[in-house]
Amino acid sequence: MSLLVVGLSHRSAPVSVLERASLAADTQAKLLQDTLAAEPATEAAVLATCNRIELYADVDKFHAGVAELSTLLAQHSGVGLDELTPYLYVHYEDRAVHHLFSVACGLDSMVVGEGQILGQIKDALARGQELHTAGRLLNDLFQQALRVGKRAHSETGIDRAGQSLVTFGLQQLAAGADPGLWARGKRALVIGAGSMSSLAAATLARTGVAEIAVANRTRARADRLVEILRQGDDTTVRARAVEMSAVGDELTRADIVVSCTGSTGLVLTADALADALGTTLDAPAQAPAVTLAPIPAPADVDQHAAWVENGSATSAPQAPAAPAAPRRVTLPAQSTGPVKLALLDLAMPRDIDGAAHRIDGVRLVDIESLADASADAPMAADVDQVRTIVADEVAAFGAAQRAAHVAPTVVALRTMAADVVAGELARLDGRLPDLDEKQRAEITQTVRRVVDKLLHAPTVRVKQLASEPGGAGYADALRELFDLDPQTVAAVSRADLNDPNRGRS
């Protein structure tokens, strides 16, 4: 079996496609279950955030796996396969491991170095464990990714290379001013009480806003977030929970609005915002076209498959992509004049109507504008250190997985040897019934010692060889040389996989 990931992110797809392809929690669960029901996959996990959707699976066939995972992503996202395919990327074996470790370290984030992705990876693992779709490989992979991400943040200054989307978004709202000075004394409305909204509320509180109102469809979650804000040692913010039905009234009082819900429709329409400000929508203006850098073309799947068939999937270079022409896109011009209401939309799909930019006195920052703004963000020198950590950890993970692959064969070999010893000792008892207990014990210990010494060197050596690239064949050789029953080896693997203490962090 082999690790495969098929996905799309802000690096491969425009925000409009990511927005349409976003997966609700129940849809993610159905995707995992359907992936396991598909023939090529035996394990599955899905990592779905505001700027990436990735399906990980343990598959036995590369081509069939890519086709099946791509089809499942299209079916559950609601975006047609023909439309989705140009934006999909495929990573296989060590490249898939490298990709997830890079994601965990924040190297693949919209804002390099942000740490929130670690919580999202942890949630993806917990979902796979809860639904029993994550087996030994994905449990090991995702837990190691969490450790690698934590190591990168603790051993390097990657945090200085960027910050969370919330902090970056507030910087964009402040439009060059110091976010702390800009937000101090303002009144904020936070819509949603999930992980991103909670982070936004905590960041606003530390920034120095005077008041935070939290609105959520489930009032209990809003109350809980408010209680956390009130107990913060580093803030004196006034926090209160409100019903979603009161959002319209709260808009008339707020200076800053941050929204991040799981809604599939708009939470704040442009008309509702205009009503709250006592104004109307400006007529749409023809904004100038702006040239943006091309989105990198995804790796060619057929070329990647050729590498796999030639046995070099883990070391082949990326397929060369044809030069892409710069994109000409039309970005909405923000309203001019003093800002009466600053809006930060961190949801995918979006919570706030994009037409809000046409309201006089409104400044809107959303995922799409954050992606454009972060494209030119400086990269810290620590990024190189993190890349080295990722490369080392990928090599270590591969070696550990290859060594683990041979372990069931070694266990089966020792089990067979123990059965042979037991059978011969029983036969000896029949032939020499007059042996006393001391003699019998000495003979038993001697026979077992001989067998252990004979097996020690080959079993230790086969584990060492198996940990090296291309070492998977040593387990097959061991099974062939000692005529081990494949069913016995498989039984050992299943017992290890079903160990209740395995795969829990």
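Sequence order sets the numbering: in each chain, residues are counted from 1 along the sequence as written. Restriction of local features to residues with pLDDT of at least 70 applies here, the model being predicted, together with a cutoff of 80 or more for giving and counting side-chain atom pairs; totals for whole chains, interfaces and linings are based on all residues. With hydrogens and water set aside, each side-chain value is computed from the structure's full complement of heavy atoms.

*Asks:* So what's going on with the overall build of the chain? Which residues, and what values?
*Replies:* A run of DSSP states H or I qualifies as a helix once it reaches four residues; a run of E qualifies as a strand once it reaches two. Both are numbered from the N-terminal end. When you go through the chain residue by residue, the secondary structure sums to 19 helices and twelve strands. Scored against the burial criterion, the 505 residues of the chain give a buried share of 46%. We call two residues contacting when some pair of their heavy atoms lies within 4.5 Å. The long-range fraction of contacts in the chain, counting pairs at least 24 apart against all pairs at least 6 apart in sequence, stands at 75%. Per element, the accessible surface of the chain, about 24,300 Å² overall, is 52% carbon and sulfur. Exposure categories follow from relative accessible area, calculated using a 1.4 Å probe and restricted to protein chains: below 20% of the type maximum is buried, above 50% is exposed, and the middle band is partly exposed. Surface exposure here means Shrake-Rupley accessible area, sampled with a 1.4 Å probe, where a residue is shielded only by the protein chains that are shown.

*Asks:* Help me get a handle on the sheet that holds strand 11 (residues 341-345), residues and values and all.
*Replies:* Judged by pairing direction, the sheet is parallel, and its six strands sit side by side in the order 7-6-5-8-11-12 without closing on themselves. Unpaired on one side and paired on the other, strand 7 (238-242) and strand 12 (362-366) mark the two borders of the sheet. Across the sheet, the mean angle separating the axes of adjacent strands is 15° when strand polarity is ignored. DSSP-based pairing: two strands are paired if at least 2 bridges between them are found. In the sheet, strand 6 (residues 211-215) pairs with strand 7 via five bridges, with the strands oriented parallel. Each bridged residue has a counterpart across the sheet, and for Glu211 the counterpart in strand 7 is Arg238. Across the sheet, helix 10 (residues 195-207) lies against strand 5 (187-191), strand 6 and strand 8 (256-259), angled at about 170° from strand 5, the strand it touches most. In this analysis, axes come from line fits to C-alpha atoms, helices being fitted only over the stretch in contact, and the angle between any two N-to-C directions falls in the range 0 to 180 degrees.

*Asks:* Outline unusual backbone geometry, listing residues and values.
*Replies:* For the bond running from Met348 to Pro349, omega is 5°, close enough to zero to count as cis. Counting through the fold element by element, Pro349 comes out in the loop between strand 11 and strand 12. Positioned with a positive phi, Glu93 is a non-glycine residue whose angle comes to about 55°. One non-glycine residue, His132, lies in positive phi territory at about 60°. Looking at where His132 falls in the secondary structure, it is placed in the loop between helix 6 (116-130) and helix 7 (136-155). In this structure His132 comes out as exposed when scored by relative accessible area, which is 65%.

*Asks:* Give me the lowdown on the nonpolar core, citing residues and values where you can.
*Replies:* One recurring pattern in soluble globular proteins: nonpolar side chains tend to sit buried together. Counting residues in hydrophobic clusters, the biggest one holds 70 residues, and the most contacted among them are Leu4, Leu165, Leu204, Ile212, Ile256 and Leu346. Not counting chain neighbours up to four residues away, the residues in contact with Ile256 comprise Leu173, Trp182, Ala183, Lys186, Arg187, Ala188, Leu189, Leu204, Val209, Leu341 and Ala342. By nonpolar core is meant a set of buried Ala, Val, Leu, Ile, Met, Phe, Trp, Tyr and Cys residues that side-chain atoms within 4.5 Å join together.

*Asks:* Describe the pattern of salt bridges, and please don't skip the residues or the numbers.
*Replies:* Close approach of charged atoms allows side chains of opposite charge to pair. Every case where a carboxyl oxygen of Asp or Glu lies within 4 Å of a side-chain nitrogen of Lys or Arg is listed as a salt bridge. Under the criterion given, the structure shown has 23 salt bridges. Of the charged contacts in the structure, one is a salt bridge between Arg52 and Glu54, with a shortest N-O distance of 3.0 Å. Glu54 shares its class with Arg52; the two are buried. The shortest N-O distance in the salt bridge between Arg151 and Glu155 comes to 3.0 Å. Taken together, the residues span about one helical turn, with Arg151 and Glu155 both in helix 7 at a distance of four residues. A residue is classified by how much of its surface remains accessible, and Arg151, at 26% relative accessible area, is partly exposed. The exposure class of Glu155 is partly exposed, given its relative accessible area of 46%.

*Asks:* Give me the sheet that holds strand 4 (residues 89-92): which residues, what numbers.
*Replies:* The four strands lie next to each other as 2-3-1-4, forming an open sheet whose pairing is antiparallel. Strands with a single pairing partner mark the edges of an open sheet, and in this sheet they are strand 2 (41-49) and strand 4. Strand-to-strand, the axes of this sheet are offset by a mean angle of 15°, without reference to chain direction. Both strand 1 (residues 2-9) and strand 4 contribute to a ladder of four bridges, which runs antiparallel. Among the inter-strand pairings, Leu4 is bridged to a residue of strand 4, identified as Tyr92.

*Asks:* Account for the side chain of His357, with residues named and values stated.
*Replies:* With respect to the helices and strands, the residue His357 is situated in the loop between strand 11 and strand 12. Between N or O atoms, a polar contact is any pair within 3.5 Å; within protein, one atom must be a potential hydrogen donor and the other a potential acceptor, and residues adjacent in sequence are included only when both atoms are from side chains. Within the local environment of His357, its side chain forms a polar contact with the backbone oxygen of Gly354, the two atoms lying 2.6 Å apart.

*Asks:* Please provide a residue-by-residue account of the packing of helix 5 (residues 94-104) against helix 6, values included.
*Replies:* Look at helix 5 against helix 6: their axes get within 8 Å of each other, and the N-to-C directions meet at 130°. When the interaxial angle is binned, helix 5 and helix 6 end up oblique. The segment helix 5 lies against helix 6, with Leu100, Val103 and Ala104 engaging Ile117, Leu118 and Ile121. Under this grouping Gly is polar, as are all residues other than the nonpolar Ala, Val, Leu, Ile, Met, Phe, Trp, Tyr, Cys and Pro and the charged Asp, Glu, Lys and Arg. The class makeup of the residues in the contact of helix 5 with helix 6 is six nonpolar, no polar and no charged. Each angle is binned into one of four classes, with values under 35 degrees roughly parallel, values over 145 roughly antiparallel, values of 65 to 115 roughly perpendicular, and all other values oblique.

*Asks:* Quick rundown of the environment of Thr49? Include the residues and the values.
*Replies:* Topologically, Thr49 is positioned in strand 2. Between the alpha carbons of Thr49 and Ala347 there is a distance of 9.5 Å; along the sequence they are 298 residues apart. Not counting chain neighbours up to four residues away, the residues in contact with Thr49 comprise Ile117 and Gln120.

*Asks:* I'd like to hear about the packing of aromatic side chains, residue by residue, with values.
*Replies:* The relation between two aromatic rings is expressed through the spacing of the ring centres and the mutual angle of the planes. When two rings of Phe, Tyr or Trp (its six-membered ring) have centres within 6.5 Å they constitute a pair, described as stacked for plane angles under 30 degrees, edge-to-face for angles over 60, and tilted for the intermediate range. Throughout the structure, instances matching the rule amount to three aromatic pairs. Note on Tyr56 and Phe142: the rings are 5.3 Å apart at their centroids and 80° apart in plane angle, and the pair reads as edge-to-face. Pair noted here: Tyr56 is in strand 3 (residues 52-59) and Phe142 is in helix 7, with a separation of 86 residues, a long-range link. You'll find Tyr56 and Phe142 in the same group, each marked buried. A centroid spacing of 5.9 Å and a plane angle of 80° characterise the contact between Phe101 and Phe397, whose relative ring orientation is edge-to-face. Taken together, the residues span a long stretch of sequence, with Phe101 in helix 5 and Phe397 in helix 16 (residues 382-431) at a distance of 296 residues.

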